[in-house]
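What the coordinates show
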Amino acid sequence: MIPAVMPTYSRVDIVFERGEGAHIWDTDGRQFLDFTAGIAVNALGHAHPYLVQKLTEQAGKLWHTSNLFRVAGQEQLAGRLTELTFADTMFFTNSGVEAWECAVKTVRKYHHDTGHPEKTRFIVVGGAFHGRSTTAIAAARSEKMTGGFGPLLDAFDQVPFENLNELRAAITPQTAGIIVEPILGEGGIRVASPDYLRALRQAADEFGLLLVFDEIQTGVGRTGKLFAHEWADVAPDVMCIAKGIGGGFPVGACLVSEKAAAGMVPGTHGSTFGGNPLAMAVANAVLDVVTAPGFLEKVAETGTRLEAALAALVARHPAVLADVRGKGLMLGLKCVKPNGDVVTALRRNGLLVVPAADNVIRILPPLTIGEPEIAEAVAIIDKTCQELAQ
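The model shown is predicted, which means the values in this text are computed figures rather than measured ones.

When the terminal C-alpha atoms of helix 9 (residues 277-290) are compared, their 20 Å separation across 14 residues agrees well with the 20 Å that a helix rising 1.5 Å per residue should span. Its side-chain oxygen placed 3.0 Å from the backbone nitrogen of Leu-278, Asn-276 serves as the N-cap of helix 9.

Where two aromatic rings form a pair, the distance of their centres and the angle of their planes describe that pair. The final tally for this structure, using the stated rule, is 4 aromatic pairs. Taken together, the ring pairs in this structure connect Trp-100, Phe-122 and Phe-156 into an aromatic cluster. Sitting over the ring of Trp-25, Arg-18 keeps its end group 4.1 Å from the ring centre. In this structure, Lys-327 packs its charged tip against the face of Trp-231, placed 4.1 Å from the ring centre.

On the basis of which strands lie adjacent, the open sheet formed by 4 strands has the order 1-2-3-15 and mixed pairing. Bordering the open sheet on either side are strand 1 (16-20) and strand 15 (351-352), each of which pairs with just one other strand. Pairing geometry for strand 1 and strand 2 (residues 23-26), over 4 bridges, is antiparallel. Bridge pairing in strand 2 places Arg-18 opposite Trp-25. Packed onto the sheet, helix 12 (residues 371-389) meets strand 2, strand 3 (31-34) and strand 15 and runs at close to 105° relative to strand 3.

Analysis parameters
- Residues numbered from 1 in each chain as written.
- Predicted model: local features only at pLDDT ≥ 70, side-chain atom pairs only at ≥ 80, totals over all residues.
- Heavy atoms only, no water.
- Helix = DSSP H or I, 4+ residues; strand = E, 2+ residues; numbered from the N terminus.
- Expected span 1.5 Å × (residues − 1).
- Polar contact = N/O pair within 3.5 Å; in protein donor to acceptor, adjacent residues only side chain to side chain.
- Phe/Tyr/Trp six-rings, centres within 6.5 Å; stacked < 30°, edge-to-face > 60°.
- Lys NZ or Arg CZ within 6 Å of the ring centre and 35° of its normal.
- Pairing = 2+ DSSP bridges.
- Contact = heavy atoms within 4.5 Å.
- Axes fitted to C-alpha atoms, helices over the stretch in contact; angles between N-to-C directions.

Here is the structure:
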């Protein structure tokens, strides 16, 4: 018999009951160190007191009004993010893929309204992951995601990651935009070089395209900057964010420059729940914490220490681990052993991590971890590698 919850996930048979900071407990009382963080969502860990306070305050006042009316929290968050980023305006969503869909619509509408309706195609890169909508899986082209869901939207021309020659060769008169993750997350924690990101900006400007950065996983402090593209000192025209901005509450946003937003006028897009008062209260609280003096610098420093500790483990266990990669607290360990086996063994020893492509395990702790959590994680990985090597 089919279960009441549609069986679309290969779930681990664990039910979690509560969490605090970087730790989480299941219904049997077992404690885990959570370096999955809801797949880079719980940016401030579990049950962060300030987020709990702000959510509870809002829950006692107003939950939902729809977007038929002004929402004060949206105006506050949008104003802050426009001051902190390239963006001049933004649309709030409930998830990352909704923000990505908004980005696709925004780019197409820009070209339509500026006299180039033929520009409808996008250049994307192999290994990227933008979500599970039919449009997003059409961009990724992974058989695992697309099988049985065709025919898919024919609007995406895929080129290899970090291959600028092939990208430029793929540009046609129908090309509207370039969409790239500054770090491939699901694709194996592959970091785009600053030169590559700058070259994307140059190519977009040269050919009259819009540049879209998908920072759904990399954004909101994950790499030690508010957004990962800041390391390259380059700005997109459109950016998708989600995950960390809600700290565990469902919220996303599509950030857009004034130029790129030219076509997005009343009636062109909408969302019933997007930017609701509860989501905005939490997102504003997350931004309070992440933009506090010294916070991002601490994330970068912590990431450097954790990466060095992981590199030492790679050197110590070459039969299990091959390489460490990433930026800030978005790190990956490329494995010699099957990454699924490593994930399972780490979980058995009390550390939660998440697999990715290229036989990588992702290390995505809360941005608030310190030396004790690093030491605990290193000890568990060390022990696990010794077991797997045997």
